Amino acid sequence: MLIQNKQIAIIGGGPGGLTLAKLLQLKGAAVKVYERDLNKNARVQGSPLDMHEESGWAALSKANLITEFKKNVLQGADQKIVVNPYAEIVFSDHKTKSDVDLSNEAARPEINRGALRKIFLDSLQPETVVWDSHFISMEKQNEGWLLHFKNGSSAYADLVIGADGANSKIRPYLTTIKAFYSGVTMVEINVDGADQLIPDIYALLNGGKIMAFGNEKCILGGQKGNGGLGFYASFKPDEYWAKNSGLDFSDCAELVSWFKNEYSEWSSVWYELFEHATTPVVPRPIYCMPLDQTWEALPNLTLMGDAAHVMPPFAGEGANTSMFDALELSACLTADKFTDLQEAISFYEVSMRKRAAAAAKQSLENGERMHSEGALEKMLAIFGAKRS
């Protein structure tokens, strides 16, 4: 095995990094995951994830974690309603969908990000994850790398895998190619205790997702594993709107005023999202790597997930693509058909970039459609749906 007697460092303990660590350990590899969170109890942000049959689910299956995954599925989270700017339902699949059939891999069951992380952490060998390890820099040493972390510690690895997200600090050691602004910014809004604070919207979602379209803007939302709701107000400002807006993203009154102005043709029913938001809300300019990116493979360094191919979230492929990266990379690193690590990594990277480009293209196209004139009718057509 190409990685026999080699120390592997995975930088980043998200879904992709943890999936890779588990798959490599099943093959007997020596692997450490360096994660900047202080400990395993750090809060995991973001919306629930749906596992796609050919990617996330396939990776879970290879990792022998399907049984644990099924115990943590968010039943009903995949149900959706589509509404107009007045929160009037124009499509709902709540009556046609029942609980997720977990014997059907194509069902795309959903899970809270924190629960998914716990499943992987509990399955790894003790002390696999090195917490409080915020990567700062690395330098070549012998045939590998000497890693340096913010807490003052250092570690050697023969092979480094950057799974450290969209703002990866590993990526510049491999390529200078940067992401471009997709044209869309999403304002992330979380409401804890939503059943009490925003009962009308909470009831409207009925445990599932909501997608609101109108005037070239969207509001997307859904339940979270902690009983709260998470939303994204999504629109098309310039790239540096968040920095130049002058908005205090910790001031709910300012946020309500902003929404009234920016979403002026939308109903007042949405105001309570901002009135009761857990602050600060987070503006997120959405970026995408060039679809034709390429670089020369190295024998001791590679990338996966957002570090390799950050893309908009409008196809639901981000985490799934990252977990499939882990599945494919682990297979290449432990295969006997390659003569050396550089050849194995090159094979993975060529395939990974091709897959990611296809997913990113779909995400960009969906994002353009969702923020266009007539988005409501266009999205209903995508779902193969008619107005209720």
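The structure we're discussing is the one just above.
Residues numbered from 1 in each chain as written. Predicted model: local features only at pLDDT ≥ 70, side-chain atom pairs only at ≥ 80, totals over all residues. Heavy atoms only, no water.

1. Details of the overall build of the protein chain
Link 1 in the chain: The helix and strand tally for the protein chain stands at 13 helices and 17 strands.
Link 2 in the chain: The C-alpha radius of gyration computed for the protein chain amounts to 21 Å, which stays within 12% of the reference 21 Å derived for 388 residues, consistent with globular compactness.
Link 3 in the chain: Overall, the C-alpha framework of the protein chain stretches about 60 × 50 × 40 Å when taken along its three principal axes.
Link 4 in the chain: Considering the protein chain as a whole, with its 388 residues, one finds that 53% of them fall into the buried category.
Link 5 in the chain: As displayed, the protein chain offers around 17500 Å² of accessible surface, 48% of which is attributable to carbon and sulfur atoms.
Link 6 in the chain: Seen as two clouds, the 38 positive and the 48 negative side-chain charges of the protein chain have centres 3 Å apart. (Helix = DSSP H or I, 4+ residues; strand = E, 2+ residues; numbered from the N terminus. Rg over C-alpha atoms; globule rule 2.2 N^0.38 Å. Buried < 20%, exposed > 50% of the residue type's maximum accessible area, 1.4 Å probe, protein only. Areas by Shrake-Rupley, 256 points an atom, 1.4 Å probe, with all protein chains shown as cover. Lys, Arg positive; Asp, Glu negative; His and termini not counted. Charge placed at Lys NZ, Arg CZ, Asp CG, Glu CD.)

2. Remarks on empty space enclosed by the protein
Link 1 in the chain: Here the structure, examined in full by the defined rule, presents 1 cavity of 30 Å³ or more.
Link 2 in the chain: As a volume, the largest cavity reaches approximately 60 Å³.
Link 3 in the chain: What lines the largest cavity is simply Met-289, Pro-290, Leu-291, Gln-293, His-309, Val-310, Arg-353, Ala-356, Ala-357 and Ala-360.
Link 4 in the chain: Among the elements that line the lining of the largest cavity, the one with the most residues is helix α12 (residues 341-370), at 4 residues.
Link 5 in the chain: Grouping the constituent residues of the lining of the largest cavity by class yields 7 nonpolar, 2 polar and 1 charged. (1 Å grid on protein atoms, 1.4 Å probe; cavity = no way out; pocket = protein on both sides within 12 Å on 5 of 7 lines; lining within 4 Å. Points joined across faces, edges and corners; volume = space filled by probe spheres on them. Nonpolar A, V, L, I, M, F, W, Y, C, P; charged D, E, K, R; others polar.)

3. Considerations on the nonpolar core
Link 1 in the chain: Grouped together as the largest cluster of nonpolar side chains are 67 residues, with contacts concentrated most on Leu-147 and Val-160.
Link 2 in the chain: Those residues in contact with Leu-147, other than ones at most four positions away along the chain, are Ala-9, Ile-11, Tyr-34, Phe-135, Ser-137, Met-138, Ser-153, Ser-154, Ala-155, Ala-157 and Val-160.
Link 3 in the chain: Core analysis: the second largest hydrophobic core is formed by 31 residues, Val-191, Ile-219, Leu-229 and Phe-274 among them. (Core = buried A, V, L, I, M, F, W, Y, C linked by side-chain atoms within 4.5 Å. Contact = heavy atoms within 4.5 Å.)

4. Points about helix α13 (residues 375-382)
Link 1 in the chain: Residues of α13 that are buried: Ala-375, Leu-376, Met-379 and Leu-380. What you see down the axis of α13 is that its buried residues fit within an arc of 135 degrees, all on one side.
Link 2 in the chain: The elements touched by buried residues of α13 are β4 (80-83), β5 (89-92), β13 (209-214) and α12. (Arc of directions from axis to C-beta.)

5. Quick word on the sheet that holds strand β2 (residues 30-34)
Link 1 in the chain: Sheet architecture is open: 5 strands sit in the order β7-β2-β1-β11-β17, paired in parallel fashion. Edge strands, defined here as strands with exactly one partner in the open sheet, are β7 (129-130) and β17 (301-303).
Link 2 in the chain: Against the sheet, helix α1 (residues 15-26) makes contact with β1 (7-11), β2, β7 and β11 (159-162), and its axis sits at roughly 165 degrees relative to β2, the strand it touches most. (Pairing = 2+ DSSP bridges. Axes fitted to C-alpha atoms, helices over the stretch in contact; angles between N-to-C directions.)

6. Some details on the packing of aromatic side chains
Link 1 in the chain: Scanning the entire structure with this criterion turns up 19 aromatic pairs.
Link 2 in the chain: Summarising the aromatic geometry, the rings of Tyr-34 and Phe-149 are spaced 4.8 Å apart at their centres and angled 25 degrees between planes, so their arrangement reads as stacked. On the criterion of sequence distance, the pair formed by Tyr-34 in strand β2 and Phe-149 in strand β9 (residues 144-149) is long-range, its members being 115 residues apart.
Link 3 in the chain: Aromatic pair Trp-241 and Phe-249: ring centres 5.9 Å apart, planes at 80 degrees, arrangement edge-to-face. Grouping residues by exposure puts Trp-241 and Phe-249 together as buried. (Phe/Tyr/Trp six-rings, centres within 6.5 Å; stacked < 30°, edge-to-face > 60°.)

7. Remarks on α1
Link 1 in the chain: End to end, α1 covers 17 Å across 12 residues, agreeing with the expected 16 Å (1.5 Å per residue, within 8%).
Link 2 in the chain: The element α1 is extensively covered by neighbouring structure, given that 10 of its 12 residues are classed as buried.
Link 3 in the chain: Every buried residue belonging to α1 is among Gly-16, Gly-17, Leu-18, Thr-19, Leu-20, Ala-21, Lys-22, Leu-23, Leu-24 and Gln-25, and all of these are buried.
Link 4 in the chain: In the segment just after α1, Gly-28 is the residue with positive phi, at about 85 degrees. (Expected span 1.5 Å × (residues − 1).)

8. Details of the sheet that holds strand β8 (residues 135-141)
Link 1 in the chain: Strand order in the open sheet formed by 3 strands is β8-β9-β10, and the pairing between neighbours is antiparallel. The open sheet has two edge strands with one neighbour each: β8 and β10 (154-157). Looking at each pair of strands side by side, their axes are set apart by 25 degrees on average, direction ignored.
Link 2 in the chain: Bridge count between β8 and β9: 6 bridges; the pairing is antiparallel. Each residue of the ladder has a partner; that of Met-138, found in β9, is Leu-147.

9. Concerning the layout of surface pockets
Link 1 in the chain: Its boundaries defined by the atoms lining it, the second largest pocket holds a volume of some 250 Å³.
Link 2 in the chain: If you go around the second largest pocket, you meet 16 residues; those closest to its centre are Lys-40, Lys-118, Leu-121, Asp-122 and Trp-131.
Link 3 in the chain: In terms of residues, the lining of the second largest pocket owes the most to one element, helix α4 (residues 113-123), which gives 5 residues.
Link 4 in the chain: Looking at the lining of the second largest pocket, its residues break down into 7 nonpolar, 4 polar and 5 charged.

10. Remarks on the pairing of β5
Link 1 in the chain: The sheet contact formed by β4 and β5 spans 3 bridges and is antiparallel. The partner of Val-83 across the bridge, within β5, is Ile-89.

11. Quick notes on the environment of Ile-8
Link 1 in the chain: Within the secondary structure, Ile-8 sits in strand β1.
Link 2 in the chain: Sequence separation between Ile-8 and Ala-157 is 149 residues; the distance between their C-alpha atoms is 5.5 Å.
Link 3 in the chain: Contact partners of Ile-8, with chain neighbours within four places excluded, come to Ile-3, Leu-24, Ala-29, Ala-30, Val-31, Lys-32, Leu-159 and Ile-161.

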